[in-house]
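Spelled out from the first residue to the last, the chains are:
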Amino acid sequence: MMDYTRHTTMCEIKGLSQEELDYHFDENSNSIGMLLYHMASLEKAFQIMTFEARDLTDEEWEELSVGIVLGEDAKQEIRGKDLAFYEHALENTRLKTLNFLAAANDEWLEHVTPYGWDHPANNYFKWFHVFEDELNHRGQIRMIKKRFRVT
């Protein structure tokens, strides 16, 4: 499921220019580049939380929070990058995920820990959330592409 989701995301962004990756259709919107950066950042956070079975350190949160939160600072920081930058981030992050999951067993998938505000969830659900998040943002990417200004 993760491979299919990523494949369709990569097909959707194929050939996008830096201008298209940075495009905002209004002052409240995310750019496609921001959404791609978010996907990689969120996956890195879940790698730490599930593969290492711990919370993010302050330093890790500092590194990943811009891409996870996608606040006003993200609009300034996540721009000016070409498609290869985002493809590389997504591919390298996913490679680490797939390598770990290939060695994980059902017991690890079923291991339950707190999730969010003390809601229990197993690792299987947590990784479902990672690619569910990507699916949702891929839909946003499709919408943004339809809104590109014709110049």
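Coordinates for the structure precede this section.
Everything numeric here is computed off the predicted structure, so don't read it as measured data. (Residues numbered from 1 in each chain as written. Predicted model: local features only at pLDDT ≥ 70, side-chain atom pairs only at ≥ 80, totals over all residues. Heavy atoms only, no water.)

### Quick notes on the pairing of strand β1 (residues 112–115)
Two strands pair when backbone bridges link them, and β1 and strand β2 (residues 119–122) are joined in this way by four bridges, in the antiparallel orientation. Residue pairing for β2: Thr 113 is matched across the bridge by Ala 121. (Pairing = 2+ DSSP bridges. Helix = DSSP H or I, 4+ residues; strand = E, 2+ residues; numbered from the N terminus.)

### Details of the packing of helix α3 (residues 32–51) against helix α4 (residues 58–69)
The N-to-C vectors of α3 and α4 enclose an angle of 140 degrees; their axes lie 8 Å apart at closest approach. Relative to α4, the element α3 is oriented oblique. Note on packing geometry: the crossing formed by α3 with α4 is left-handed. Contacts between α3 and α4 involve Tyr 37, His 38, Ser 41, Leu 42, Lys 44, Ala 45 and Ile 48 on the former and, on the latter, Glu 60, Leu 64, Gly 67 and Ile 68. Classifying every residue of the contact of α3 with α4 gives six nonpolar, three polar and two charged. (Axes fitted to C-alpha atoms, helices over the stretch in contact; angles between N-to-C directions. Parallel < 35°, antiparallel > 145°, perpendicular 65-115°, else oblique. Left-handed = near helix turned anticlockwise from the far one by under 90°. Contact = heavy atoms within 4.5 Å. Nonpolar A, V, L, I, M, F, W, Y, C, P; charged D, E, K, R; others polar.)

### Here we look at a negative patch on the surface
On the surface, Asp 58, Glu 59, Glu 62, Asp 73 and Glu 77 cluster together into a patch of negative charge. Elements that contribute at least two residues to the negative patch include exactly α4 and α5 (72–77). Of all the elements, α4 adds the most residues to the negative patch, at three residues. As for its position among the elements, Glu 77 is in helix α5. (Patch = residues over 30% accessible without salt bridge, like charges linked within 9 Å, V, L, I, M, F, W, Y side chains within 5 Å. Areas by Shrake-Rupley, 256 points an atom, 1.4 Å probe, with all protein chains shown as cover. Salt bridge = Lys/Arg side-chain N within 4 Å of Asp/Glu carboxyl O. Lys, Arg positive; Asp, Glu negative; His and termini not counted. Charge placed at Lys NZ, Arg CZ, Asp CG, Glu CD.)

### A look at the pattern of salt bridges
For the structure on display, the rule yields nine salt bridges. Taking the shortest distance from any N to any O, the salt bridge between Glu 134 and Arg 6 comes out at 2.7 Å. Here Glu 134, found in helix α8 (residues 123–146), pairs with Arg 6, found in helix α1 (residues 2–13); they are 128 residues apart in sequence, far enough to count as distant. By relative accessible area, Glu 134 is classed as buried at 2%. For Arg 142, the salt bridge goes to Glu 12, with nearest N and O atoms at 2.8 Å. (Buried < 20%, exposed > 50% of the residue type's maximum accessible area, 1.4 Å probe, protein only.)

### Thoughts on the nonpolar core
Ile 13, Leu 21, Ile 32, Leu 36, Ile 78 and Ile 141 are the most contacted members of the largest nonpolar core, which has 22 residues in total. Breaking this core down by element, the ones donating at least two residues are α1, α3, α6 (83–103) and α8. Sort the elements by how many residues they give to this core and α3 lands first, with six residues. Not counting the four nearest positions on each side in its chain, Leu 21 is found in contact with Leu 16, Ser 31, Ile 32, Gly 33, Leu 36, Lys 81, Asp 82, Leu 83 and Tyr 86. Listed in part, the eight residues of the second largest apolar core include Met 2, Trp 108, Trp 127 and Phe 131. (Core = buried A, V, L, I, M, F, W, Y, C linked by side-chain atoms within 4.5 Å.)

### Structural notes on the packing of aromatic side chains
Per the counting criterion, the structure on display carries twelve aromatic pairs. When the centroid spacing of 5.1 Å and the interplanar angle of 85 degrees are considered together, the rings of Phe 85 and Tyr 86 count as edge-to-face. A relative accessible area of 31% places Phe 85 in the partly exposed class. Clustering of aromatic rings is evident, with ring pairs tying together Phe 46, Phe 51, Phe 100, Trp 108, Tyr 115, Phe 125, Trp 127, Phe 128 and Phe 131. Lys 81 extends its terminal NZ or CZ atom over the ring of Phe 85, reaching a point 5.3 Å from the ring centre. When the ring centre of Phe 25 is taken as origin, the NZ or CZ atom of Arg 147, which lies over that ring, is 3.9 Å away. (Phe/Tyr/Trp six-rings, centres within 6.5 Å; stacked < 30°, edge-to-face > 60°. Lys NZ or Arg CZ within 6 Å of the ring centre and 35° of its normal.)

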